[in-house]
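Structural features, examined
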Amino acid sequence: MNTTAPPPGDAGALGATRPLLVRTAAELAALGSRLLAQAPATDGPRRLGLVPTMGALHAGHEHLVSAARAENDVVVVSVFVNRLQFDDPADFERYPRDLEADRALLASAGADIVFAPEEPEIYPGGAPLVRLSSGTLGEKFEGASRPGHFDGMLAVVAKLLHIAQPSSLTPVPVEYSAYFGQKDAQQLAIVRRLVTDLSYPVRIRAVPIVRSAEGLALSSRNQFLTPEQADAALVLSRALFLLADRAAAHEALMIDEAEDLIGSQPLVELDYLEVVDPDTLEPLAFNCRETPFTGGALVLVAARTGQVRLIDNMLLGDAAD
Ligand code: PAF
């Protein structure tokens, strides 16, 4: 972040109710530096956490922000609906936008700054000509049904990680982290690869999936399920817990049985259930089926109930520790 003159509006009034709203990268840099400089001194570095979102915030986002709040002096939440990651322009137009409701949720979750840029702030030259590719990681699983989605996601995440990084002018050392939900395991793997491949100076923190008491992974799509469908969808987490228990006991995973369990629920149509390496998302054929499970893995599942497509996943064995 480059520090400039003190910003206008919310960002100029540090006593104002948090989260303080900023609209530009320059405002974010100036305000972030001021809040970091004011954070209580400790022996270690000050810490800044970024939570990228597209707004329409719900309880799942609240957990991301709470995780960032617990680990950082300054918590920045970006709210930006990224046109480039939508396959259908109509979906982009329809996407819910309610900054005041988002700010209310962020206030209770403890965010310090909400960065809500307009499109030209993020894409000043219009649609970017220079693009990032998520390669083979972005082509499979969710990428297979949404071509280009992960490349579009990378375009904005690369930009947000860059814009929100603590300014070299901040007069104290700062540790920089960014928070992503484990629920979107493929997005998380791709973002980790972005940070490794392009040497971004940020720690990527995965925030565990939040589940209902019955086990359903929290998602904004759950609101579209009838009670009957929501009940049927529980078969997904049951299948994941079955595999996790077997992995923990170093038994053969017997994936077919997990698939059969899902198949036994007529309201649920399985798309994929795959045990993969958590970083490369390559299938782990060697120890999943009949041989005792060792090491770590990630199991990904996607299914449809009625019109609603649901995804879920679970880390297995050593990867769950
Ligand atoms: O997970 C999301 O909400 C979006 O993909 C993200 C990371 C905010 C990028 O637009």
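It should be noted that the structure appears before, not after, this text.
Residues numbered from 1 in each chain as written. Predicted model: local features only at pLDDT ≥ 70, side-chain atom pairs only at ≥ 80, totals over all residues. Heavy atoms only, no water.

**Points about helix α10 (residues 255–263)**
What counts here: Exposure classes here rest on a 1.4 Å probe applied to the protein chains alone. A residue is buried below 20% of its type maximum, exposed above 50%, and partly exposed in between. Only runs of H or I of at least four residues qualify as helices and only runs of E of at least two qualify as strands under DSSP, and these elements are numbered from the N terminus. Arc definition: directions from the helix axis to the C-beta atoms. Every residue pair with non-hydrogen atoms within 4.5 Å of one another is taken to be in contact.
By the burial criterion, the buried members of α10 are I255, A258 and I262. All buried residues of α10 lie within an arc of 60 degrees about the axis, which places them on one face of the element. Exposed residues lying more than 90 degrees from the buried face of α10 are D260 and G263. Contacts from the buried residues of α10 go to α9 (227–248), β7 (269–276) and β8 (296–305).

**Examining helix α1 (residues 25–38)**
Since the α-helix packs 3.6 residues into each turn, any two residues three or four apart lie on the same face. Defined as follows: To estimate how far a helix should extend, the number of its residues minus one is multiplied by 1.5 Å.
Helix length check: α1, at 14 residues, gives a terminal C-alpha distance of 20 Å against a target of 20 Å (1.5 Å per residue), a fit within 8%. Turning to α1, its buried residues are E27, L28, A29, A30, L31, G32, S33, L35 and L36. Turning to α1, the residues buried within the fold contact β1 (20–22), β2 (46–53), β3 (74–79), β4 (113–115), α7 (149–164) and β5 (174–181).

**A look at the pairing of strand β9 (residues 308–317)**
Keep this limit in mind: For two strands to count as paired, DSSP must find a minimum of two bridges between them.
Summarising burial for β9: nine of the 10 residues are buried, a large majority. Where β8 and β9 come together, 10 bridges link them in antiparallel fashion. Paired with V299 across the strands is M314, a residue of β9. Hairpin connection of β8 to β9: two residues between the antiparallel strands, including G306 at a positive phi of 60 degrees.

**Topic: empty space enclosed by the protein**
To find leftover empty space, one rolls a probe the size of a water molecule over the atoms. Operational definition: Put plainly, a pocket is an open set of points on a 1 Å grid over the protein atoms alone with protein on both sides within 12 Å along at least five of seven lines, a cavity is a set where a 1.4 Å probe fits but cannot get out, and a lining residue has an atom within 4 Å of a point. Grid points are joined across faces, edges and corners, and a volume is the space filled by probe spheres set on the points.
Taken as a whole, this structure holds one cavity of 30 Å³ or more when the rule is applied. Its volume calculated, the largest cavity comes out at about 60 Å³. What lines the largest cavity is K183, L216, A217, S219, N222, L236, L310, I311 and D312. In terms of residues, the lining of the largest cavity owes the most to one element, β9, which gives three residues.

**Quick notes on the packing of aromatic side chains**
So the rule is basically this: Two aromatic rings from Phe, Tyr or Trp, using only the six-membered ring of Trp, form a pair when their centres are within 6.5 Å; if the ring planes differ by under 30 degrees the pair is stacked, by over 60 it is edge-to-face, and anything between is tilted. Remark: a charge is flagged as sitting over a ring if the NZ atom of Lys or the CZ atom of Arg is within 6 Å of the ring centre and within 35 degrees of the ring normal.
Following the criterion strictly, the structure yields four aromatic pairs and no others. Measuring from centroid to centroid gives 4.9 Å for F141 and Y272, while their planes differ by 55 degrees, and the two rings are tilted. Highlighted residues: F141 in the loop between α5 (119–122) and α6 (142–145) and Y272 in strand β7, separated in sequence by 131 residues. Each of the two residues, F141 as well as Y272, counts as buried. Through successive ring pairs, a cluster of aromatic residues spans F86, F92 and Y95. When the ring centre of F92 is taken as reference, the NZ or CZ atom of R97 above it lies at 4.8 Å.

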